[in-house]
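Chain and residue survey
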Amino acid sequence: MISMKTIVPIFISFLLLMTFTSCETLQNEKTIKLAHGLDTNHPVHKAMIRMGEELDKNSKGKLKLEIYPNQQLGSERQCLELLQIGSLDMTKVSAAVMENFSPDMKVFGLPFIFKDREHTFNVLDGTIGKELLDGGQKYWLKGLGYYDAGSRSFYTKEKTVETPKDLEGLKIRVMESVTAMHMVTSLGGSPTPISSGELYTALQQGVVDGAENNPPTFYLSRHYEVCKYFSLDEHTTIPDVLIISTHLWETLSAQEKEWLQSAVDVSIEYQRKLWAKAELEALKAVKKAGVTVVKPDKTMFKNKVESIYESYKNDAQMYSLIKRIQESQEL
């Protein structure tokens, strides 16, 4: 018969082993916190949900994704700042906002730089796109991939924008992007930077006369309730960028990085399919709500912004990047 003197030490050892194993398991599990400013019905958020599922599957539960939508942790700029100090792990921002932290990203904000959607994806998923994703690492920000954000067009309260002349005298909301402000100025409008969370009220109160964005965002933000004119001039095609803090990235093992990047890649493919469907549904919905949607001749808009490209001739690095993108149209 086993005595109590024998049982007690065995039991204690068993408890210690279980406690150690439990702590080791907890230590081996990592939760990645990702924040963004979009609605939970947005294709980007749905793609992030898919990313979390893939990450959990790839890592067998060792890496998990915790998502904070709707600007719960701040604006896009604030989230980037949180990444820089290591208080947040990942975020999604427009490349237009990212240009304030990684200057070469401003090339995506140049009007009409892409020929079509196929050209856009060739650049984003190719050598140039990857170079730009890595360009923010010296600012503690590493890009993991690009979500499709479609093309941005003007929407206004009082009249249709069919030519650049129609923008004269109008205050147009833009993102916190110098490139976006130059673009609107070149077309004759008055650019006014306002955060996305404050824009609906600004439109209602007449702080601005209009804004510019893609159809799904125009619809999901309910800006169609205030702005009844949508002009599909598609002046810029600015992607959304998925960013991770280098503070976290550098702590991940090679295997963990592979798990995460694989999950990101799956979510990007999924998001792009959702986006194409969302664009069609958004345009149909806003038309039903009484919005006048027009497709103006883009030639006049393109001609008005040629001076923006000329202004970069003295910036050898940027001008070279512009030329590489334009020449890649032939690929």
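Residues numbered from 1 in each chain as written. Predicted model: local features only at pLDDT ≥ 70, side-chain atom pairs only at ≥ 80, totals over all residues. Heavy atoms only, no water.

1. Topic: unusual backbone geometry
Despite not being glycine, glutamine 71 shows a phi value in the positive range, around 55 degrees. Looking at where glutamine 71 falls in the secondary structure, it is placed in the loop between β2 (63–68) and α3 (76–84). Residue class for glutamine 71 comes out partly exposed when judged on its relative accessible area of 29%. Phi at tryptophan 140 is positive, roughly 70 degrees, even though this residue is not glycine. Along the polypeptide, tryptophan 140 turns up in the loop between α6 (127–134) and β4 (141–147). (Helix = DSSP H or I, 4+ residues; strand = E, 2+ residues; numbered from the N terminus. Buried < 20%, exposed > 50% of the residue type's maximum accessible area, 1.4 Å probe, protein only.)

2. Observations regarding the pattern of salt bridges
Per the stated rule, a full pass over the model turns up 19 salt bridges. Ionic pairing is found between lysine 64 and aspartate 56, a salt bridge with its closest N-O pair at 2.8 Å. Given the relative accessible area of 35%, lysine 64 is considered partly exposed. The exposure class of aspartate 56 is partly exposed, given its relative accessible area of 32%. (Salt bridge = Lys/Arg side-chain N within 4 Å of Asp/Glu carboxyl O.)

3. Observations regarding helix α5 (residues 117–124)
The complete set of buried residues in α5 reads His119, Thr120, Phe121, Val123 and Leu124. Tucked into the core, α5 has its buried residues touching α6, β4, α11 (254–288) and α14 (316–327). At the N-terminal end of α5, a side-chain oxygen is found 3.3 Å from the backbone nitrogen of glutamate 118, two or three residues along, and the residue is aspartate 116. (Contact = heavy atoms within 4.5 Å. Polar contact = N/O pair within 3.5 Å; in protein donor to acceptor, adjacent residues only side chain to side chain.)

4. Examining the confidence of the model for the chain
Residues of the chain with pLDDT of at least 70 account for 91%, and the chain-wide mean is 90. With pLDDT under 50 throughout, residues 4–26 is counted as low confidence; its partners more than four residues away or in other chains account for two contacts. (pLDDT = per-residue confidence, 0-100.)

5. Here's the deal with the nonpolar core
Of all hydrophobic cores here, the largest spans 49 residues; its most connected members are Val107 and Phe108. Beyond its immediate stretch of four places on either side in the chain, valine 107 contacts Ile113, Leu132, Met318, Leu321, Ile322 and Ile325. By size, the runner-up hydrophobic cluster in this structure holds 23 residues, among which are Met48, Met51, Leu242 and Trp249. (Core = buried A, V, L, I, M, F, W, Y, C linked by side-chain atoms within 4.5 Å.)

6. Some words on the layout of surface pockets
Counted as a void, the largest pocket has a volume near 750 Å³. Lining the largest pocket are 33 residues, with Gly37, Leu38, Gln71, Ser196 and Thr217 sitting closest to its centre. Of all the secondary-structure elements, those providing two or more residues to the lining of the largest pocket are α3, β3 (90–94), β5 (152–156), α8 (196–204) and α9 (215–220). No other element matches the four residues that α8 contributes to the lining of the largest pocket. Looking at the lining of the largest pocket residue by residue, the classes come out as eleven nonpolar, 14 polar and eight charged. If you go around the second largest pocket, you meet 31 residues; those closest to its centre are Phe114, Lys115, Ser151, Glu234 and Lys298. Among the elements of the structure, α5, β9 (229–236), α11, α12 (298–304) and α13 (306–310) are those that each provide at least two residues to the lining of the second largest pocket. Of the residues belonging to the lining of the second largest pocket, the class tally is twelve nonpolar, nine polar and ten charged. (1 Å grid on protein atoms, 1.4 Å probe; cavity = no way out; pocket = protein on both sides within 12 Å on 5 of 7 lines; lining within 4 Å. Points joined across faces, edges and corners; volume = space filled by probe spheres on them. Nonpolar A, V, L, I, M, F, W, Y, C, P; charged D, E, K, R; others polar.)

7. Some details on the sheet that holds β2
Spatial ordering of the open sheet is given by β2-β1-β3-β10-β4, a layout of five strands whose pairing is mixed. Bordering the open sheet on either side are β2 and β4, each of which pairs with just one other strand. The sheet shows a mean angle of 25 degrees between the axes of neighbouring strands, taken without regard to direction. Bridging between β3 and strand β10 (residues 240–245) involves five bridges; their strand directions are antiparallel. If you follow threonine 91 over to β10, its bridge partner there is isoleucine 243. Its contacts with the sheet put α6 on β4 and β10, and the angle it makes with β4 is roughly 140 degrees. (Pairing = 2+ DSSP bridges. Axes fitted to C-alpha atoms, helices over the stretch in contact; angles between N-to-C directions.)

8. Things to note about empty space enclosed by the protein
For the structure on display, the rule yields one cavity of 30 Å³ or more. Taken as a whole, the largest cavity encloses approximately 40 Å³ of empty space. Taken together, Thr120, Phe121, Leu124, Tyr147, Asp148, Ala149, Gly150, Thr237, Ile238 and Pro239 form the lining of the largest cavity. For the lining of the largest cavity, the element with the most residues is α5, which contributes three residues. Residues that form the lining of the largest cavity fall into these classes: six nonpolar, three polar and one charged.

9. Quick notes on the packing of helix α2 (residues 43–59) against α11
It is at 8 Å that the axes of α2 and α11 come closest, and there the two elements cross at 150 degrees. Considered as vectors, α2 and α11 are oriented roughly antiparallel to each other. Along this stretch, α2 crosses α11, giving a crossing that reads as right-handed. Along the contact surface, α2 presents Pro43, Val44, Lys46, Ala47, Arg50, Met51, Glu54, Leu55, Asn58 and Ser59, while α11 presents Trp259, Leu260, Ser262, Ala263, Val264, Val266, Ser267, Tyr270, Gln271, Leu274, Trp275 and Ala278. Split by residue class, the contact of α2 with α11 holds 14 nonpolar, five polar and three charged. (Parallel < 35°, antiparallel > 145°, perpendicular 65-115°, else oblique. Left-handed = near helix turned anticlockwise from the far one by under 90°.)

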